[in-house]
Amino acid sequence: MTREIEKKWQKKWEEAKLFQSDNNEKEKVFLTVAYPYPSGAMHIGHGRTYTVPDVYARFKRMQGKNVLFPMGWHVTGAPVIGIASRIKNKDPWTLELYEKVHKVPKEELSKLKDPEYIVKYFSSEYHQVMNDMGYSIDWRREFKTTDLSYQKFIQWQLRKLKEMGFVRKGNHPVKYCPSCDNPVGDHDLLEGEGVDVNELTLLKFEIDGKYLVPATFRPETIYGVTNLWLNPEVDYIEVDNNGESWIISEKSFYNLSNQIKDLNIVGKINPKEFIGKFVKNPITGSEHPIFPASFVDPDYGSGVVFSVPGHAPADYIALKDLKNNSDLLKKYNLEEAVDIKILNVVTLKKYSEIPARDVIEKLKIKNQEDPKLDEATNELYKVEHSKGIMSSHIPNYAGERVATARDMIKSSMINDSLADTMYDFAEHPVICRCGNRCVVKIMDNQWFLKYSDEDWKEKTRECLNQENIIPNEVKSNFEYYIGWLNDWACSRRIGLGTHLPWDEQWLIEPLTDSTIYMAYYSIANHLKKIDLKDLNDAFFEKIFFNKDSNDLKVDGEIVDTIQNEFSYWYPLDWRLSAKDLIGNHLSFHLFHHAAIFPKENWPRGMVVFGMGLLEGNKMSSSKGNVILLSDAMEKYGADVVRLFLMASAEPWQDFDWREKEVIGTKRRLDRLFEFAKTIEDIKGSPIDLSNIKEVKLSRRIDLWMINQLNIRIKEATDALEGFQTRKALQNSLFLLKKDIDHYMYRVKHLLSSGERDEAIVFVLSMVFKSWIRILAPFIPHSSEELWNSYGGDGFVVEASWPNGNIYFSNDSNLRDSTSRSIEKDENLEREIIEKSEEMVQGIVHDIEQIKKIVAKDPDKIHIYLADDWKWDVYKIAEEVGKPDIGQIMGRAIGQNVHEDKKEIADFAKKIGREMTKTRYIGKIDEHEILNDAKDFIEEEVNTNIIIHKDNSYDPEDKAKNAIPYKPAIYME
RNA sequence: GCGGGGGUGCCCGAGCUGGUCAAAGGGGACAGGCUUAGGACCUGUUGGCACAGGCCUACCAGGGUUCGAAUCCCUGCUCCCGCACCA
């Protein structure tokens with residue numbers, strides 16, 4: 001197999017328009033895979049993602065289905081904007097990434113400074129690579145999410161949702177760069193990647209008509225405040241917050257001013273003047289002194305901290321340090337004030353009244369500078385949050401769980417204007433690529449999709465429940481996410497995309513514009529021919545809901561054609577996507593379908609993918625740890641890459657690209673070609689797959705081979721129905737190959753005669769003809785080449801999928817030849833054929849083993865078969881169903897199967913043990929079976945064998961050892 | 001923390017509607033064949049002990065259900081993944 005041959009077939013498929021699917025009278029299968037965001041080159045991880053649907057599509061086509069497998073490009077969103085600007089600014093890391101990892105040619109590289117060009121460049125590269133991989137895509141339906149007709153579709157979708165009341169307006173915090181004047185994503189950051197935005201509560205402590213506003217995660221500890229901390233070495237300011245006077249650190253203003261409208265600086269404040277003064281607790285009304293502390297970070301929160309030494313290890317140790325610092329105490333005249341009582345708020349099992357002290361002592365923390373202080377804080381925070389109970393002396397909240405009390409206290413304080421909310425990064429600093437510090441900005445007038453809406457959630461759950469989810473385990477994941485999803489900010493300031501139709505300053509966010517695009521595929525080819533201005537809401541309502549309207553601009557006949565096409569393909573049968581998208585993309589997909597479409601058009605199934613590893617390590621483009629799909633194909637060819645990706649793991653498992661195993665895969669593929677030559681050698685003339693000469697089969701081993709073929713076909717078919725590509729290949733390639741090897745081994749003594757054995761030629765030809773077809777979805781190019789070379793009819797792509805009933809349901813051949821001993825039941829026939837071969841193999845194996853043990857070559861080998869009464873006992877044992885020897889014996893004696901009770905007892909013991917290891921299928925003609933294979937057995941053990949019908953010659957009394965399916969052996 | 005999924009032989013990995021499981025398949029290792037040699041390919045071995053087709057120990061650890069458990073139940077230990085404005 002060469003790339004040229006692969007290209008040859010790709011071209012022929014295209015010319016024959018094999019993958020262009022239109023509605024017709026056939027049963028349809030519509031499957032989509034997440035359309036790619038083309039911001040880089042396609043690597044082997046992507047290869048797996050897109051090969052799975054292709055394999056399934058090809059499989060279903062061979063089963064006679066009309067399959068639609070389309071592809072589009074999800075180019076909306078912000079990442080390419082960042083990439084483009086980095087290329088423009090000649091950011092060395094980005095340039096190297098695109099040159100070395102994505103292998104963009106030099107002359108193209110500089111053009112990538114245009115985000116539109118990036119998506120254009122990579123989507124056409126994707127297109128090319130997908131063709132090279134042999135994907136059976138209907139390219140007439142290709143589109144980009146920035147296409148104007150797609151934008152019309154998305155605007156219709158959003159208007160529809162708004163009409164249904166699923167859209168609202170609100171505020172939302174985002175990572176933001178004040179210098180770029182834009183929200184920033186993780187990929188836009190120099191520092192602080194993955195840092196969370198936390199919500200903090202600002203608590204207002206009054207002093208002289210102004211407020212100190214410490215920020216906290218734990219508003220419930222307001223009951224345990226003993227003092228406030230200010231950093232005397234830091235600049236503080238007074239700001240006016242809509243009439244209220246707040247004192248905050250100067251540095252925190254940078255962040256806070258992005259969150260509070262009209263926050264104005266009034267003037268500077270000297271923190272030293274506040275040390276030693278008292279503030280008023282907004283809840284308890286107590287007076288708390290203000291103490292100096294160097295640990296207070298002016299960048300974090302508001303630069304003011306309140307102190308809860310009972311429950312915050314940092315506060316506890318800071319207070320202790322202060323008490324020991326007589327210079328400082330003297331300087332601020334705090335000797336008296338520092339003598340405060342530590343308060344308890346939360347009760348915890350296994351902890352004292354002052355849990356902060358317990359933790360400090362447990363970890364042996366000496367002072368504020370101790371690095372273990374963070375660990376102490378985290379530990380106590382977690383324990384109190386999950387296990388803590390508000391102590392009995394806390395008014396209103398006594399006995400309440402901390403987690404609950406926290407929310408209650410917070411909202412009640414905010415209600416009473418005693419508190420406010422702010423956001424800050426969990427870690428500092430967060431630096432934009434432009435070099436400036438980022439802040440958390442509250443975007444107002446943001447638009448939300450109300451995923452919190454209970455009715456909507458309920459409908460979505462209903463949608464989920466009627467779907468096939470593969471693998472089934474992730475269904476509970478979906479249930480969780482549907483419950484957990486909150487309102488989603490669906491509009492953006494930056495990126496490529498569609499404008500919100502009713503508020504043009506916003507772009508529709510890319511997770512929102514990719515929820516029902518499968519519906520778009522079904523009509524995409526038609527829309528290309530329609531005038532944009534005619535794509536109004538009336539049009540989409542007609543197409544998707546068959547709703548007539550006077551506003552329809554498109555010609556009625558054309559509309560009907562499109563409408564028919566949509567109703568033919570919808571609902572979507574399968575949606576494939578990666579498992580990290582369950583929480584957003586895939587859940588949104590459910591939400592939107594549930595909201596917009598009637599039940600009969602809800603999606604039918606989802607398949608969720610695992611990740612890709614490269615030699616055991618996580619694949620990552622940005623770290624350069626990838627192999628490009630084009631390179632892999634160059635080296636091994638598309639079929640080998642496909643075969644490896646499909647064989648090494650099931651789609652939902654993580655797969656590992658290991659060079660050594662890829663090479664092994666290549667060898668296996670080569671053997672398929674060698675197999676054809678083997679058949680021709682035996683046949684002595686070329687194979688003609690459309691003209692296989694039928695032969696009546698009488699040897700059991702020939703039937704066995706056909707039976708195995710049937711088994712493998714059935715297993716592979718079942719596996720493919722459930723997207724188990726690995727299991728399918730395990731059967732259709734590896735295990736079938738093993739069976740063929742076994743068969744060849746079994747018949748080799750028949751071939752040595754030099755005379756052509758027509759039965760063998762027939763069996764092998766049948767195997768070959770099926771084999772090519774069941775592998776065709778995986779290795780379409782090789783299969784096509786073989787099919788074509790050996791006289792197959794038409795394209796193998798269009799050949800029928802083998803049904804796994806060869807010679808068993810339609811043909812009388814088998815029954816004629818074996819009717820002497822075999823009942824009519826078809827399954828039984830199969831079982832007997834399998835059992836026969838097992839017996840033959842068992843005999844050979846046992847003889848070999850005994851020979852080894854005895855260490856001498858016998859002249860003759862006698863084989864004795866189980867007496868009829870033993871079969872009777874076996875049958876009784878089977879009826880008893882468990883190795884209850886007493887019962888088996890009792891019944892056997894009761895039925896008087898044999899006169900010698902001692903022998904029955906011995907045998908019952910034996911069969912009790914044996915029956916758990918053997919499959920009982922009733923009495924079979926052992927003599928005939930062994931006779932059929934006599935020449936093989938003799939050749940194998942290199943000794944003459946005598947199969948006895950009666951036991952008249954039995955000098956060493958071995959015949960008694962015979963068990964059904966397991967004859968006794970005597971070596972003479 | 002919340003939620004989900006795992007722990008199988010040297011490694012990866014099937015099995016997990018209980019018995020045909022010393023446990024598929026691949027990789028590796030070892031031995032043999034082929035070959036001028038290497039590679040490739042083919043065959044065999046790859047838990048221990050037996051030496052008339054057998055026995056013992058084994059599927060994270062401990063306990064339970066059962067005539068019988070890698071498979072079912074409980075407990076513990078441990079690993080991985082997702083948690084939002086990002087595709």
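Calculation rules
- Numbering of residues starts from 1 in each chain and follows the order in which that chain's sequence is written.
- Chains and ligands are labelled sequentially in the order written, the chains with letters from A and the ligands with numbers from 1.
- In keeping with the predicted nature of the model, local features appear solely for residues at pLDDT of at least 70, side-chain atom pairs appear and are counted solely at 80 or more, and the whole-chain, interface and lining totals rest on all residues.
- Side-chain numbers come from the whole structure's heavy atoms, not from hydrogens or water.
- Numbering of helices and strands runs from the N terminus, with a helix taken as a DSSP run of H or I at least four residues long and a strand as a DSSP run of E at least two residues long.
- This radius of gyration counts C-alpha atoms alone. The globule rule is 2.2 Å times how many residues there are, raised to the power 0.38.
- Burial status follows relative accessibility: with a 1.4 Å probe on protein chains alone, a residue under 20% of its type maximum counts as buried, one over 50% as exposed, and anything between as partly exposed.
- By definition, residues are in contact when any of their heavy atoms lie within 4.5 Å.
- To be clear on the numbers: accessible area is Shrake-Rupley with a 1.4 Å probe, and residue cover counts the displayed protein chains and nothing else.
- Asp and Glu are treated as the negative residues and Lys and Arg as the positive ones, with His and the ends of the chain left uncounted.
- For this purpose, a charge sits on NZ of Lys, CZ of Arg, CG of Asp or CD of Glu.
- Salt bridge, as applied in this entry: a Lys or Arg side-chain nitrogen positioned within 4 Å of an Asp or Glu carboxyl oxygen.
- Pairing between two strands requires that DSSP report at least two bridges joining them.
- Nonpolar core, defined: a set of buried Ala, Val, Leu, Ile, Met, Phe, Trp, Tyr and Cys residues in which side-chain atoms within 4.5 Å join the residues together.
- Only the stretch in contact is used when a helix axis is fitted, and all axes are lines through C-alpha atoms; the angle between N-to-C directions ranges over 0 to 180 degrees.
- Working definition: roughly parallel below 35 degrees, roughly antiparallel above 145 degrees, roughly perpendicular at 65 to 115 degrees, and oblique for all remaining angles.
- Here is the rule for handedness: rotate from the far helix to the near one, and if that takes an anticlockwise turn smaller than a right angle the crossing is left-handed, while a clockwise turn gives right-handed.
- Basically, the charged four are Asp, Glu, Lys and Arg, the nonpolar ten are Ala, Val, Leu, Ile, Met, Phe, Trp, Tyr, Cys and Pro, and anything else, Gly included, counts as polar.
- Relevant arc is that of directions from the helix axis to the C-beta atoms, nothing else.
- Only the six-membered ring of Trp is used, alongside the rings of Phe and Tyr, when aromatic pairs are assigned; centres must lie within 6.5 Å, and planes under 30 degrees apart are stacked while those over 60 apart are edge-to-face, with the rest tilted.
- As a reminder, the over-ring test applies to NZ of lysine and CZ of arginine, requiring each to be within 6 Å of the ring centre and within 35 degrees of the ring normal.

Participant: Is there a simple way to explain the overall build of chain A in this structure?
Facilitator: When helices and strands are counted, chain A shows 34 helices and 34 strands. Taken over the C-alpha trace, chain A has a radius of gyration of 38 Å; the compact-globule value for 972 residues is 30 Å, which it surpasses by more than 25%. Dimensions of chain A, computed from C-alpha atoms along their principal axes, come out at roughly 120 × 80 × 55 Å. Across the 972 residues in chain A, those meeting the buried criterion constitute 56%. Within chain A, contacts between residues at least 6 apart in sequence are counted, and of these 76% link residues at least 24 apart. For chain A, the exposed area adds up to about 42100 Å²; of that, 46% sits on carbon and sulfur atoms. Computed over 131 positive and 156 negative side-chain charges, the inter-centroid distance for chain A is 1 Å.

Participant: How should the side chain of histidine 74 be read in this particular structure?
Facilitator: With respect to the element layout, histidine 74 can be found in the loop between strand E2 (66-68) and helix H3 (79-88). What makes histidine 74 buried here is its relative accessible area of 6%. Residue contacts for histidine 74: discarding those within four places in its chain leaves Tyr35, Pro36, Tyr37, Pro38, Thr145, Pro510, Asp513, Ser514 and His585.

Participant: Can you walk me through the pattern of salt bridges in this structure?
Facilitator: Pairs can form between side chains of opposite charge once their charged atoms are near each other. Taken as a whole and assessed by the stated rule, the structure comprises 47 salt bridges. Notably, a salt bridge pairs glutamate 199 with lysine 410, separated by 2.5 Å at the nearest N-O pair. Here the residue glutamate 199 occupies a position in strand E6 (residues 197-203), and lysine 410 occupies one in helix H14 (residues 402-415), the gap between them amounting to 211 residues. Taken together, the shared-partner salt bridges connect Asp22, Asp138, Arg140, Arg141 and Glu565 into one network.

Participant: Help me understand the environment of alanine 647 in this model?
Facilitator: Tracing the sequence through the fold places alanine 647 in helix H22 (residues 638-647). Taking the C-alpha atoms as reference points, alanine 647 and phenylalanine 778, separated by 131 residues in sequence, lie 9.3 Å from one another.

Participant: Would you mind showing me how to read the pairing of E6 here?
Facilitator: A regular strand carries its side chains on alternate faces of the sheet. Counting buried residues in E6 gives five out of seven residues, a clear majority hidden from the surface. Sheet topology note: the E6/strand E19 (residues 419-425) ladder contains seven bridges and is antiparallel. Opposite valine 197, over in E19, you have phenylalanine 425 as the bridge partner. For E6 and strand E9 (residues 215-216), the ladder comprises two bridges, and the chain directions are antiparallel. Counterpart to threonine 201 in the pairing with E9 is threonine 216.

Participant: Just checking my understanding: could you explain the nonpolar core for this structure?
Facilitator: Note that soluble globular proteins tend to have their nonpolar side chains buried in a common cluster. By size, the foremost hydrophobic cluster in this structure holds 123 residues, and its most contacted members are Met130, Trp657, Tyr743 and Phe768. With sequence-adjacent residues up to four places away left out, methionine 130 is seen in contact with Pro36, Met42, Tyr50, Met71, Trp73, Tyr135, Ile137 and Trp139. In terms of nonpolar packing, the next biggest core, distinct from the first, is built from 68 residues, Leu158, Tyr451, Cys463 and Ile469 among them.

Participant: Which parts of the structure should I look at to understand the sheet that holds strand E26 (residues 503-508)?
Facilitator: Pairing between sheet strands relies on hydrogen bonds along the backbone, with the strands arranged either parallel or antiparallel. Taken together, three strands build an open sheet; the order of strands is E24-E26-E25 and the sheet is antiparallel. Looking at strand neighbours, the two that pair on one side only are strand E24 (491-492) and strand E25 (499-500), the edges of this open sheet. Direction of pairing for E25 relative to E26: antiparallel, over a ladder of two bridges. Of the residues in E26, the one forming a bridge with histidine 499 is leucine 507.

Participant: Would you take a moment to explain unusual backbone geometry for this structure?
Facilitator: With the exception of glycine, most residues fall at negative phi, and the peptide bonds are largely trans. Cis geometry is adopted by the peptide bond preceding proline 471, which originates at isoleucine 470 and carries an omega value of -5°. When you line up the elements, proline 471 lands in the loop between strand E22 (468-470) and helix H16 (475-484). Of note, the bond from tyrosine 570 into proline 571 is cis; its omega dihedral lies within 30 degrees of zero at 5°. By the element assignment, proline 571 lies in the loop between helix H19 (556-569) and strand E27 (574-578). Unlike most non-glycine residues, asparagine 242 shows phi in positive territory, near 50°. Turning to its location among the elements, asparagine 242 is positioned in the loop between strand E11 (236-241) and strand E12 (244-249). Its relative accessible area of 54% is what places asparagine 242 among the exposed residues. Backbone geometry at aspartate 262 places phi at a positive 55°, although glycine is not the residue there. Here aspartate 262 lies in the loop between helix H8 (250-256) and strand E13 (263-269).

Participant: Explanation requested: the packing of helix H23 (residues 659-683) against helix H25 (residues 725-751) in the structure shown.
Facilitator: For the pair H23 and H25, the least separation of the axes is 13 Å and the interaxial angle reads 25°. With respect to each other, H23 and H25 are oriented roughly parallel. Regarding H23 and H25, the two cross each other, and that crossing is left-handed. Where H23 abuts H25, its residues Arg668, Arg671, Phe675, Thr678 and Ile682 lie against Phe734, Lys737, Ile740, Met744 and Leu751. Per-class residue counts for the contact of H23 with H25 are six nonpolar, one polar and three charged.

Participant: Explain helix H12 (residues 355-362) here, please?
Facilitator: Three- or four-residue spacings in an α-helix give side chains the same orientation, since the helix completes a turn every 3.6 residues. Pro355, Ala356, Val359 and Ile360 are the residues of H12 that are buried. When H12 is viewed along its axis, its buried side chains cluster within an angular range of 140° and face the same direction. In this structure, H12 carries Glu361 and Lys362 as exposed residues pointing more than 90 degrees from its buried face. Lysine 364 lies just past H12 and shows a positive phi near 55°.

Participant: Sorry, what's going on with the sheet that holds E19 here?
Facilitator: Ordered by their spatial adjacency, three strands build an open sheet running E9-E6-E19, and the pairing between neighbours is antiparallel. With partners counted over all chains shown, the strands left at the sheet margins are E9 and E19, one partner each. In the packing of H14 onto the sheet, the strands contacted are E6 and E19, and the crossing angle to E19 comes to about 120°.

Participant: I tried to follow the packing of aromatic side chains on my own but got confused; where do I start?
Facilitator: Think of a pair of aromatic rings as described by two things: how far the centres are apart, and how the planes are tilted against each other in angle. Under the definition given, this model contains 58 aromatic pairs. Here the aromatic rings of tryptophan 574 and phenylalanine 723 are separated by 4.9 Å at their centres, their planes lie at 70°, and the arrangement is edge-to-face. With tryptophan 574 in strand E27 and phenylalanine 723 in the loop between helix H24 (700-721) and H25, this pair connects stretches of sequence that are 149 residues apart. Residue class for tryptophan 574 comes out buried when judged on its relative accessible area of 10%. Residue phenylalanine 723 is classed as buried on the basis of its relative accessible area, which comes to 1%. In this structure, arginine 746 is placed above the aromatic ring of phenylalanine 936, and the distance from its NZ or CZ to the ring centre is 4.2 Å.

Participant: Would you mind showing me how to read the pairing of strand E15 (residues 287-292) here?
Facilitator: Extensive coverage of E15 is indicated by the burial of five of its six residues. Note that strand E10 (residues 227-230) and E15 share three bridges and pair parallel. Residue leucine 230 lies in a different strand from E15, and its bridge partner there is proline 292. Here three bridges tie strand E14 (residues 278-280) to E15, and the two strands are oriented antiparallel to one another. Bridging from a neighbouring strand, lysine 280 pairs with glutamate 287 of E15. Counted along the chain from E14 to the antiparallel partner E15, the turn is six residues long, and its residue glycine 285 has a positive phi close to 80°.

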